[in-house]
Amino acid sequence: MILAFTGAGISRDSGIATFMEQPEVRERLYRSYAKKHPKAYINTLRNLNQVIQIAEPNDAHRALFEYGVPVITMNIDGLHEKAGSKPLTLHGVMPNEAEMSTADTLVGKPVLYGDPAPNYQVAMQEVSKLKEGDIFLVIGASFHTGIAVELRNYATYMGAEVIEIQAHAKIEVRKTLERLKLEGRL
């Protein structure tokens, strides 16, 4: 079994910078910021949404779908869905245009830093199905969030091999999946 876990790095090649590359955006994605500065928070989401709306899945997103690899994602960009996958989304979704004016009051649209991730337990259940010989394929997920660290650690505990792809995801994901298929592991 292969289970993919993706972070912002998978979407970099689709033109979406990671939040680590955009500290001015990252600092505005905290619940405390949304409460204190609702207009600035909403403008931040609107700007982010404009980038997301024009982004298209890259070959990493498409390869995961084509090879039928289940995905757990921290991303809110919807690119896995555009590629055809049905990921388990840890950090919610972006508000739609009708919800944008009240986005500072919404929960899970998206999950903000400091908010609980509603699908965390479901993600842990998925990782708990891994066993020795299985693969936990980590793509573009940093070590800066507790969830990312915990899922990696749990996959290792369950006996799975953790394969990290942090750079050049649009090339490396397909190459890795093709290699695993040739080895009979996919």
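Below: a short report on this structure.

Definitions and limits used
Residues numbered from 1 in each chain as written. Predicted model: local features only at pLDDT ≥ 70, side-chain atom pairs only at ≥ 80, totals over all residues. Heavy atoms only, no water. Core = buried A, V, L, I, M, F, W, Y, C linked by side-chain atoms within 4.5 Å. Buried < 20%, exposed > 50% of the residue type's maximum accessible area, 1.4 Å probe, protein only. Contact = heavy atoms within 4.5 Å. Axes fitted to C-alpha atoms, helices over the stretch in contact; angles between N-to-C directions. Helix = DSSP H or I, 4+ residues; strand = E, 2+ residues; numbered from the N terminus. Parallel < 35°, antiparallel > 145°, perpendicular 65-115°, else oblique. Nonpolar A, V, L, I, M, F, W, Y, C, P; charged D, E, K, R; others polar. Phe/Tyr/Trp six-rings, centres within 6.5 Å; stacked < 30°, edge-to-face > 60°. Lys NZ or Arg CZ within 6 Å of the ring centre and 35° of its normal. Pairing = 2+ DSSP bridges. Right-handed = clockwise from strand over helix to strand, strands pointing away. Lys, Arg positive; Asp, Glu negative; His and termini not counted. Salt bridge = Lys/Arg side-chain N within 4 Å of Asp/Glu carboxyl O.

Once that is clear, we can look at the nonpolar core. Counting residues in each nonpolar core, the largest one holds 20 residues, and the members touching the most others are Phe5, Ile72, Leu90, Val127, Leu130, Phe136 and Leu151. If we ignore the near neighbours within four places in the chain, the residues touching isoleucine 72 are Leu3, Ala4, Phe5, Thr6, Leu88, Leu90, Ala123, Glu126, Val127 and Leu151. In terms of nonpolar packing, the next biggest core, distinct from the first, is built from 19 residues, Ile16, Tyr41, Ile76 and Leu112 among them.

Moving on, we get to the packing of helix α4 (residues 59–66) against helix α8 (residues 169–182). In the contact formed by α4 and α8, the axes pass within 7 Å of each other and the chain directions differ by 25°. When the axes of α4 and α8 are compared, the pair comes out roughly parallel. Counted together, Asp59, Ala60, Arg62, Ala63, Leu64 and Glu66 of α4 and Ala169, Lys170, Val173, Arg174 and Leu177 of α8 form the full contact between these two elements. Of the residues contributing to the contact of α4 with α8, the split by class is 6 nonpolar, no polar and 5 charged.

Time to look at the packing of aromatic side chains. Any two aromatic rings considered together are summarised by their centre-to-centre distance and by the angle between their planes. Under the counting rule described, the total for this entry stands at 3 aromatic pairs. The interplanar angle of 35° and the centroid separation of 5.0 Å between the aromatic rings of tyrosine 30 and tyrosine 113 together place this pair among those described as tilted. Remark: tyrosine 113 occurs in the loop between β3 (88–89) and α6 (120–128) and tyrosine 30 occurs in the loop between α1 (23–26) and α2 (31–36); sequence separation between them is 83 residues. Here arginine 152 stacks its cationic end above the ring of phenylalanine 143, 3.8 Å away from the centre of that ring.

Glancing now at the sheet that holds strand β4 (residues 135–139). Reading across from one edge, β3-β2-β1-β4-β5 is the order of the 5 strands in this open sheet, with parallel pairing throughout. Edge positions in the open sheet fall to β3 and β5 (161–165), since each of these has one partner strand only. Where strand β1 (residues 2–6) meets β4, 5 bridges bridge the pair, whose relative direction is parallel. Across the sheet, residue threonine 6 finds its bridge partner in β4, namely isoleucine 139.

This brings us to unusual backbone geometry. Following lysine 109, the chain continues to proline 110 via a peptide bond in cis, the omega torsion being -10°. By the secondary structure assignment, proline 110 is in the loop between β3 and α6. A positive phi angle is found at histidine 168, which is not glycine, with a value near 55°. We classify histidine 168 as exposed; its relative accessible area is 57%.

Moving on, we get to the pairing of β5. Looking at chain direction, β4 and β5 are connected through 5 bridges and run parallel. Paired with isoleucine 135 across the bridge in β5 is glutamate 161. In this fold, β4 hands off to helix α7 (residues 146–157), which returns the chain to β5; that crossover is right-handed.

This part is about the side chain of arginine 26. In this structure, arginine 26 sits in helix α1. No salt bridge is formed by the buried arginine 26; its nearest oppositely charged neighbour, glutamate 27, is found at 8.9 Å. Apart from residues lying up to four places away in sequence, arginine 26 is in contact with Phe19, Met20, Tyr113 and His144.

Moving on: the pattern of salt bridges. Under the definition given, this model contains 14 salt bridges. We note a salt bridge from arginine 12 to glutamate 21, for which the minimum N-O separation is 2.9 Å. Of the residues examined, arginine 12 reaches a relative accessible area of 35% and is grouped as partly exposed. Assessed through its relative accessible area of 44%, glutamate 21 is described here as partly exposed. A salt bridge links lysine 175 to glutamate 172; the shortest N-O distance between them is 3.4 Å. With lysine 175 and glutamate 172 both in helix α8 and 3 residues apart, this pair spans about one turn of that helix. One salt-bridge network, in which partners are shared between bridges, spans Asp59, Arg62, Glu66 and Arg174.

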